[in-house]
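Next come the chains, spelled out residue by residue.
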Amino acid sequence: MKITAPLACAAGLTAALLAATSVAASLPPSPSAVELPQQGKDIAWSITEDLTTEIGPRMAGTEAESAARRWAVARLQALGFANVREEQFDMKVWVRGAEEASLTSPFLPQKLHIAALGNSASTGPKGIEGEIAYFASYDALLAAPDAEVKGKIVFINNQMERTQDGSGYGQYGRGRFMGANAASKKGAIAVVIRSIGTDNHRGPHTGGTNFEAGVKPIPAGALSNPDADQLARQWVRAQAMHTRENETGAIVYVPEPLRMKLVLTPRDLGTKHSGNVIAEVPGSDPAASPVIVACHLDSWDLGTGAIDDAAGCGIITAAAKHVMSAGQPRRTIRILWAGAEEVGVFGGKAYFEKHGTEKHAVALESDFGADRVWRVDFKLPASAKALEDRIAAALAPFGITRGKTPASGGADIGALVAAGVPAIDLQQDGTRYFDLHHTPDDTLDKIDPAQLRQNVVAWTATLAILANSADAELT
Ligand code: ZN
Ligand code: ZN
């Protein structure tokens, strides 16, 4: 079927998808089912299940990520996409080692659940022990005199709040992104943060931390929320451990240092290969600039990277496949399964270095879990007003509202968007995303098949309109 009318096409596709999903809904894929996945019936689920089952955790630059790329090439070819290829790049690789933390004094020793942050230095196998310097927030650490920090293990206790749009991540995440750097500059021997997460489970949330050039990397880890609570309670009690009379006869509290033993032995493996996997739905008009849709193939190593970001790869790929199956679109749809996002967006940067000077009509990314799309945000040229209206109208029946803030794109398309490529964000419900994000709980069973299908429907409707848009709307 040749697509000529973008809106009709989207509506037709959407109706077809809904019919397909109602059939699929009577056969919900069970996480514990042993039967083989039903290829073609539910592409997004199959990609998510197969990638997390057959490869599992896939840290950037490791053999697992390389196996994931081979898996991805084979799957994208099997789905019928064109120009399927790997584009390699090199990166420095960091891997986790032993991880132990305990509070050693002034109470009896107690073990805490900890995970090293990406780029953490090693304590060495024997570990280190030191006094805790407590800070309620990253800003409190920044404001502290060096003497309060020097020679100590810094603890940053800020608690991330749950929001639908995930906006707490940027605010509270600073303690993870930059806390170790700030603590090192003030002479700390290590840094431990409360996990950047909204759950009350004992699985810590990992994630990258960054040291500026010239700043000495120090050991850095995240405690689970209940373990951070425990540390905080001991800190309060240690502050009021003893009382004595001062010179004037008044009773004063004498704090007892709260001490921690820390063993983190991550290693740098040197420079290794990583890579992006790219596939295309070739457009009928070679002069028309492509639509790029992105996800990331790598994951952290604690879970199996189901919500972050196998589901995103499943969603964008299923949508592209549905548009392709409905007939050749005018614009090429380029699918980017980026490598090495988690540890520094190396795949997104490599894509931009290789393709940044090519014209892209619009960029979209799915990297916020698998829960339903609830809002659409645009950052398109003024000429695209009618196009925005068509997309908003196509999405409205699925409970998706039109946002008032400009789209910002995702990490892997960040460089493109910063260079002026238009963007659309299909915002997913992030209410429970940070319960799972970067934890051992990021596993397939957390994905709701019905919400995953809603994502695919929203993406298919959007992509069908974009891929058939006129040059006057998107150049
Ligand atoms: Zn991600
Ligand atoms: Zn992530």
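The paragraphs below set out a description of the structure included in this document. (Residues numbered from 1 in each chain as written. Chains lettered and ligands numbered in written order. Predicted model: local features only at pLDDT ≥ 70, side-chain atom pairs only at ≥ 80, totals over all residues. Heavy atoms only, no water.)

### Concerning the coordination of the zinc ion (ligand 2)
Where we set the bar: As a rule, N, O and S atoms within 2.8 Å of a metal are its donors, except that Na, K and Ca use 3.2 Å; water is not among the atoms, so sites may look incomplete. For four-coordinate sites, all angles between 85 and 135 degrees define a tetrahedron; for four- and six-coordinate sites, opposite donors beyond 155 degrees with the remaining angles between 65 and 115 define square planar and octahedral shapes respectively, and all other cases count as irregular. For the purposes of this entry, the term helix denotes a DSSP run of H or I that reaches at least four residues, the term strand denotes a run of E that reaches at least two, and both are numbered from the N terminus.
Donor atoms from the polypeptide that bind the zinc ion (ligand 2) are D308 (OD), E342 (OE), E342 (OE) and H438 (NE2), placed at 2.0 to 2.4 Å. Every donor counted, the four donor atoms about the zinc ion (ligand 2) form angles of 58 to 142 degrees at the centre, which fits irregular coordination. Here the zinc ion (ligand 2) and the zinc ion (ligand 1) are spaced 3.3 Å apart, linked through D308, which binds each one. On the criterion of sequence distance, the pair formed by D308 in helix α8 (residues 306–326) and H438 in the loop between α12 (433–436) and α13 (449–467) is long-range, its members being 130 residues apart.

### Description of the nonpolar core
Convention followed: For the purposes of this section, nonpolar cores are sets of buried Ala, Val, Leu, Ile, Met, Phe, Trp, Tyr and Cys residues that join through side-chain atoms within 4.5 Å. Any residue under 20% of the maximum accessible area for its type is buried, any over 50% is exposed, and the rest in between are partly exposed; the area is computed with a 1.4 Å probe on protein chains only. Bear in mind that the domain bounds are from an automatic or database domain assignment.
Counting residues in hydrophobic clusters, the biggest one holds 94 residues, and the most contacted among them are F81, V154 and W337. At twelve residues, the largest contribution of residues to this core is made by α8. Taken domain by domain, the makeup of this core includes at least three residues from each of domain 1 (4–93 + 269–473) and domain 2 (97–265). Residues M91, F155, V192 and L258 belong to the second largest nonpolar core, which totals 30 residues.

### Structural notes on the coordination of the zinc ion (ligand 1)
Taken together, H296 (NE2), D308 (OD), D367 (OD) and D367 (OD) make up the protein donors of the zinc ion (ligand 1), found 2.0 to 2.6 Å from the metal. Donor residues for the zinc ion (ligand 1) sit on one chain with the sequence pattern H-x11-D-x58-D. The buried category is assigned to D308, whose relative accessible area is 3%.

### Brief notes about the side chain of Q454
Selection rule: Contacts: residue pairs with any heavy atoms within 4.5 Å of one another.
Structurally, Q454 is set in helix α13. Here Q454 falls in the buried class, since its relative accessible area comes to 14%. Every residue in contact with Q454, bar those within four places of it in the chain, is listed here: R372, V373, F398 and I400.

### As for unusual backbone geometry
Most peptide bonds take the trans form, and the phi angle of most residues other than glycine is negative. In this model, S105 is joined to P106 through a cis peptide bond whose omega is 10 degrees. Inspection of the secondary structure puts P106 in the loop between β2 (99–105) and β3 (110–112). Across the junction of D308 and D309, the peptide omega takes the value 10 degrees, indicating a cis bond. Looking at the element boundaries, D309 is found in helix α8. Backbone geometry places N83, a non-glycine residue, at a positive phi of 50 degrees. You can call N83 partly exposed: its relative accessible area is 44%. One non-glycine residue, N119, lies in the positive phi region at around 85 degrees.

### Some thoughts on the state of the cysteines
For the record, the criterion: The definition used for a disulfide is geometric: two cysteine sulfur atoms within 2.5 Å.
Per the counting criterion, the structure on display carries one disulfide. At a sulfur-sulfur separation of 2.1 Å, the disulfide partner of C295 is C313. Because the sign of the S-S torsion sets the handedness, a value of about 95 degrees for the bond joining C295 and C313 places this disulfide among the right-handed ones. Within this pair, whereas C295 is found in strand β13 (residues 291–296), its partner C313 is found in helix α8, the two being separated by 18 residues in sequence. Each member of the pair, C295 as well as C313, is classed as buried.

### Concerning helix α6 (residues 174–185)
This is how the line gets drawn: By definition here, a helix of n residues has an expected span of 1.5 Å times n minus one.
Taking 1.5 Å of rise per residue, the twelve residues of α6 would be expected to cover 16 Å, and the 16 Å separating its terminal C-alpha atoms lies within 8% of that figure. Restricting attention to buried positions, one finds in α6 the residues G175, R176, G179, A180, N181, A182, A183 and S184. In the core, the buried residues of α6 are packed alongside α4 (138–143), β6 (153–156), α5 (168–172), β7 (190–194) and β8 (220–223).

### Overview of the pairing of β13
For clarity, the threshold we go by: DSSP bridges decide pairing: two strands pair if at least two such bridges lie between them. Every crossover in which the path from the first strand over the helix to the second runs clockwise, viewed with the strands pointing away from the viewer, is termed right-handed.
Of all six residues making up β13, six are buried, and the element is well covered by its neighbours. Of the two faces of β13, the one carrying V291, V293 and C295 and the one carrying I292, A294 and H296 are both buried. The pairing of β13 with strand β14 (residues 333–338) spans six bridges and is parallel. Along β14, the bridge assignment pairs A294 with L336. Regarding topology, α8 serves as the crossover connection from β13 to the parallel β14, and that connection is right-handed.

### Comments concerning the packing of helix α2 (residues 43–54) against helix α3 (residues 63–78)
We apply this condition: Here, axes are lines fitted to C-alpha atoms. For helices the fit covers the stretch in contact, and angles between N-to-C directions go from 0 to 180 degrees. For classification purposes, angles smaller than 35 degrees are called roughly parallel, those larger than 145 roughly antiparallel, those between 65 and 115 roughly perpendicular, and all remaining angles oblique. The sense of a crossing depends on the near helix, which, turned anticlockwise from the far helix by less than a right angle, makes the crossing left-handed and, turned clockwise, makes it right-handed. All amino acids are sorted into three groups, where Ala, Val, Leu, Ile, Met, Phe, Trp, Tyr, Cys and Pro are nonpolar, Asp, Glu, Lys and Arg are charged, and the leftover types, Gly among them, are polar.
Remark: α2 packs on α3, axes separated minimally by 11 Å, with the N-to-C direction vectors making an angle of 150 degrees. Here α3 runs roughly antiparallel to α2, going by the angle between their axes. The hand of the α2/α3 crossing is right-handed. Counting all contacts with α2, which are made through S46, I47, D50, L51 and E54, the residues of α3 involved are A68, W71 and R75. When its residues are assigned to classes, the contact of α2 with α3 shows four nonpolar, one polar and three charged.

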